[in-house]
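Topology and contacts: notes
So you can see what is in the structure, the chains are spelled out below.
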Amino acid sequence: MKALPIGRYTNYDTFLNRLDARFKLLAMILFMVVVFIHFGSRAMDFTFYGLLMVMVLVFMRIAHIRIRQLLRAIKPMWFMMIFLLIINVLVVQTGEAFYIGDFPIHYDALFNTLYTFVRLILMLAFSLILTATTKPMDLTYALEWYLHPLTFIKVPVHIIAMVISLALRFIPTLLEEADRFMKAQASRGVDFENGKLREKVRAIISLIIPLFVSAIQRSTDLADAMEVRGYDPNGKRTRYRIMHFAKRDVLSLFFLLAFFGGMLALSICGIDFYAFIL
Amino acid sequence: MKAIDVQHLWFSYHQEEEEKMILQDLSFSCEQGESIAFIGPNGSGKSTLMKLLVALLEADKGKIFLLDKELKEDTVDFLRQHIGIVFQNPDNQFIGATVRDDIAFGLENRCIPHEEMEDIILKYAKEVGMETFLDKEPASLSGGQKQRVAIAGVLSMHPKILLMDEATAMLDPKGRKEIMALTKKMRSENKDMTILTVTHHMEEALLSDRIIVIYQGKVYMEGTPDEVFSHAEELKAIGLDLPFEKKWKEELKKAGFPIENTMTDEEAIEILCH
Ligand SMILES: Nc1ncnc2c1ncn2[C@@H]1O[C@H](COP(=O)(O)OP(=O)(O)OP(=O)(O)O)[C@@H](O)[C@H]1O
Ligand SMILES: [Mg+2]
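Given the structure is predicted, the values throughout are model-derived calculations rather than measurements.

Glancing now at the overall build of chain B. Secondary structure assignment for chain B yields eleven helices and ten strands. A globule of 274 residues ought to have a C-alpha radius of gyration of about 19 Å, and chain B, at 20 Å, matches this closely. For chain B, the spread of C-alpha atoms along the three principal axes comes to 65 × 50 × 35 Å. By the burial criterion, 54% of the 274 residues in chain B qualify as buried. A sequence separation of at least 24 residues applies to 63% of the contacts in chain B between residues at least 6 apart. When the accessible surface of chain B is totalled, it reaches about 12700 Å², and 50% of it is carbon and sulfur. Averaging the coordinates of the 32 positive side-chain charges in chain B and doing the same for the 50 negative ones gives two points 2 Å apart.

So, about the layout of surface pockets. Unfilled space is identified by rolling a water-sized probe across the atoms. Considered as a void within the structure, the second largest pocket measures approximately 740 Å³ in volume. Tyr141, Glu144, His158, Arg237 and Arg239 of chain A are, among the 33 residues lining the second largest pocket, the residues nearest its centre. Of all the secondary structure elements, the ones that give two or more residues to the lining of the second largest pocket are α7 (136-147) and α8 (157-187) of chain A together with α3 (99-109) of chain B. If you tally residues by element for the lining of the second largest pocket, the top one is α8 of chain A, at seven residues. Its residues assigned to classes, the lining of the second largest pocket comprises 15 nonpolar, nine polar and nine charged.

All right, on to the side chain of serine 208 of chain B then. Residue and element names in this part refer to chain B. Residue placement: serine 208 occurs in the loop between α7 (202-206) and β9 (210-215). A distance of 3.5 Å separates the side chain of serine 208 from the backbone nitrogen of alanine 37, its partner in a polar contact. Here serine 208 is in contact with Ser35, Ile36, Ala37, Arg187 and Pro225, once residues within four sequence places are set aside.

For the rest of this paragraph, the subject is the sheet that holds strand β6 (residues 83-86) of chain B. Residues and elements named next belong to chain B. In space, the six strands of this open sheet follow the order β6-β7-β8-β3-β9-β10, with mixed pairing throughout. Edge strands, defined here as strands with exactly one partner in the open sheet, are β6 and β10 (218-223). Direction aside, the axes of adjacent strands within the sheet are offset by 20° on average. Pairing between β9 and β10: five bridges, direction antiparallel. What sits directly across from valine 213, in β10, is methionine 221.

Our focus in this paragraph is the packing of helix α3 (residues 42-62) of chain A against helix α6 (residues 107-133) of chain A. Residues and elements named next belong to chain A. Interaxial distance between α3 and α6 falls to 10 Å at its minimum, and their mutual angle equals 25°. Considered as vectors, α3 and α6 are oriented roughly parallel to each other. Crossing geometry of α3 relative to α6 is assigned as left-handed. Where α3 abuts α6, its residues Arg42, Asp45, Phe46, Tyr49, Leu52, Met53, Val56, Phe59 and Met60 lie against Asp108, Phe111, Leu114, Tyr115, Val118, Arg119, Ile121, Leu122, Ala125, Phe126 and Ile129. Here the contact of α3 with α6 is composed, by residue class, of 16 nonpolar, no polar and four charged.

Cut-offs and rules
- Residues numbered from 1 in each chain as written.
- Chains lettered and ligands numbered in written order.
- Predicted model: local features only at pLDDT ≥ 70, side-chain atom pairs only at ≥ 80, totals over all residues.
- Heavy atoms only, no water.
- Helix = DSSP H or I, 4+ residues; strand = E, 2+ residues; numbered from the N terminus.
- Rg over C-alpha atoms; globule rule 2.2 N^0.38 Å.
- Buried < 20%, exposed > 50% of the residue type's maximum accessible area, 1.4 Å probe, protein only.
- Contact = heavy atoms within 4.5 Å.
- Areas by Shrake-Rupley, 256 points an atom, 1.4 Å probe, with all protein chains shown as cover.
- Lys, Arg positive; Asp, Glu negative; His and termini not counted.
- Charge placed at Lys NZ, Arg CZ, Asp CG, Glu CD.
- 1 Å grid on protein atoms, 1.4 Å probe; cavity = no way out; pocket = protein on both sides within 12 Å on 5 of 7 lines; lining within 4 Å.
- Points joined across faces, edges and corners; volume = space filled by probe spheres on them.
- Nonpolar A, V, L, I, M, F, W, Y, C, P; charged D, E, K, R; others polar.
- Polar contact = N/O pair within 3.5 Å; in protein donor to acceptor, adjacent residues only side chain to side chain.
- Pairing = 2+ DSSP bridges.
- Axes fitted to C-alpha atoms, helices over the stretch in contact; angles between N-to-C directions.
- Parallel < 35°, antiparallel > 145°, perpendicular 65-115°, else oblique.
- Left-handed = near helix turned anticlockwise from the far one by under 90°.

What follows is the structure, given as structure tokens:
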């Protein structure tokens, strides 16, 4: 089966795997926020990014994620980055510049691109670590837990969670089926790789229609199976999976909040360590 | 007590078209603890009947009594607690993310306290021989294993009536043998569980106490396996075959040996040896 674009869960028993999914979800969101804060100077910003990168590498090491996986996730972004660089060079006309011939290139343009690039890498890395160390089901439970307050304004959170978990459950099944349909259509002469756009679209349609029909069939079967096993979306249910915060989660949460708070404080005060040194 | 009593059932998917009645005045009943196999050609209405029994469909006319209670809107929830069904497609009835979660699904619906679930899950996983696969995802299980999980899920609800609608149809011969062996085991361990199986495999039908042949929405024939399979011609007329164990005697009889369908295997072999 083909790998999904972001990370797939890898079944290692590491510290990161054992952490509570709710904590990891919160941590990822905080890290994604922290990536966007500015410090006193550019040098400070990049020192901070360096620090985050080191943390990312340590986490990846713990979670048995190869650097190659991260590089593979970044690969589709090269084109975008080059495009962004060109736009920046053309648009940004402030600050110091150096010249290639008569053409001015402003340092700000280069740095703007670099900021975006580093932030994207970091965010990709965080999501990679999260998905590699957390089962999709646990993420769903975590999401349900955070959304729980919405039940007070009559949002059917448990139904949403059930829908998400069923979707996750059927992703492998449908991928496998898509693969089978593709082979079946290919054996009838449908060419998925070559040909003009029109032909390609037609090839894809020959895949999507049977896939839809089968998905609908599956969903009616599934609904029947759920109903006879007593599922009532609006009824009361007990839970098999109950999440417990362990000591390590509390400790990790403490460190996370301390780190986040510290960084926020540094950012708000606008302290620039390099100004003292130099 | 009668486990199931179906009286003059009529059903069609499209009420407008009068002639397209899928079930036509179908009646049968069965005692508690009995096992019945339903056989019949494709489209004869077997699955439709099963769906009516678990109230996934509603009959146009006729009555269904389960455990001496009539199946009606206000008894559905109660009666569903005593009836379980295993469907044909192993993938489409696997609800949980793992084997554990799938068995737990029914328990959650029944509001079984969280503390008791673990033991129940383990017990029924053992019952079907899946205790070493508890944390496996459906994608990494074979069809037969998935069906065993489905059976565990149903058994964990202590059904008095168990329906299996071609539960082995999508399995390879090994998977089918596994499920057949499991069915045998369930029957010997739960003597008062009523089991209804729908199948196209005559070997499977042989295992039950009674066979009901469905043809064009009606009961075409009914009796013990021996009785039903002694009517080879009638079965052939509606496109059904005999199981191998019955067929060889039939074929030998045609070839001129003094063998009757009603003989036991030993008697027939005795004659052949002389
Ligand atoms: N959802 C549906 N809507 C309309 N017609 C249906 C539906 N399901 C089944 N039918 C029709 O009802 C008839 C009986 O179908 P049913 O599935 O009960 O047969 P079956 O005996 O289970 O056959 P098989 O051995 O192939 O499983 C068939 O003619 C079929 O086309
Ligand atoms: Mg059927």
